[in-house]
Amino acid sequence: MKCKRLHINSNQMKTFFLCSVFLFVVPFGFAQHNCNCENALKQLILKVETEYPGFQGKSKDKQVYDNFKKNLFKKARNTHDL
């Protein structure tokens, strides 16, 4: 009986690596409890507004954007962990 060598190309290796990371990291991401959704949203919005290049120039209608943020904050306040 003759053994064949297993040939793995770089795309297969990348796929294997990403799947391995996904299988080991993702379950730990769901272990977080008592998330303050409003605070997390506030931090995310601040990061996008300050670090996204050209954000102020690309967001044309400030009133629509502010109303959108206000509605998101209302929903975040009413979101609770199960």
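Residues numbered from 1 in each chain as written. Predicted model: local features only at pLDDT ≥ 70, side-chain atom pairs only at ≥ 80, totals over all residues. Heavy atoms only, no water.

Participant: Looking at this structure, how should I read the overall build of the protein chain?
Facilitator: Across its full length, the protein chain carries four helices and zero strands. When the helices and strands of the protein chain are read in sequence order from the N terminus, they spell out α-α-α-α. When the 82 residues of the protein chain are sorted by exposure, 7% land in the buried category. Split by element, the accessible area of the protein chain, about 8,100 Å² in all, is 63% carbon and sulfur. (Helix = DSSP H or I, 4+ residues; strand = E, 2+ residues; numbered from the N terminus. Buried < 20%, exposed > 50% of the residue type's maximum accessible area, 1.4 Å probe, protein only. Areas by Shrake-Rupley, 256 points an atom, 1.4 Å probe, with all protein chains shown as cover.)

Participant: Explanation requested: the pattern of salt bridges in the structure shown.
Facilitator: Proximity of charged atoms lets side chains of opposite charge pair with each other. Summed over the entire model, instances satisfying the criterion amount to four salt bridges. Note that Glu38 is salt-bridged to Arg77, the shortest N-O span being 3.0 Å. Pair noted here: Glu38 is in helix α2 (residues 37–51) and Arg77 is in helix α4 (residues 62–77), with a separation of 39 residues, a long-range link. Notably, a salt bridge pairs Asp66 with Lys62, separated by 3.3 Å at the nearest N-O pair. Taken together, the residues span about one helical turn, with Asp66 and Lys62 both in helix α4 at a distance of four residues. (Salt bridge = Lys/Arg side-chain N within 4 Å of Asp/Glu carboxyl O.)

Participant: I tried to follow the packing of α2 against α4 on my own but got confused; where do I start?
Facilitator: Think of two packed helices as two axes; the pair is described by the angle between the axes and how far apart they sit. At their nearest, the axes of α2 and α4 sit 8 Å apart, and the two run at 155° to each other. The angle between α2 and α4 places the two elements in the roughly antiparallel class. Judged by the sense of rotation from one axis to the other, the crossing of α2 with α4 is right-handed. Along the contact surface, α2 presents Cys37, Glu38, Leu41, Lys42, Ile45 and Glu49, while α4 presents Tyr65, Lys69, Leu72, Phe73, Ala76 and Arg77. For the contact of α2 with α4, the class distribution of residues is seven nonpolar, no polar and five charged. (Axes fitted to C-alpha atoms, helices over the stretch in contact; angles between N-to-C directions. Parallel < 35°, antiparallel > 145°, perpendicular 65-115°, else oblique. Left-handed = near helix turned anticlockwise from the far one by under 90°. Contact = heavy atoms within 4.5 Å. Nonpolar A, V, L, I, M, F, W, Y, C, P; charged D, E, K, R; others polar.)

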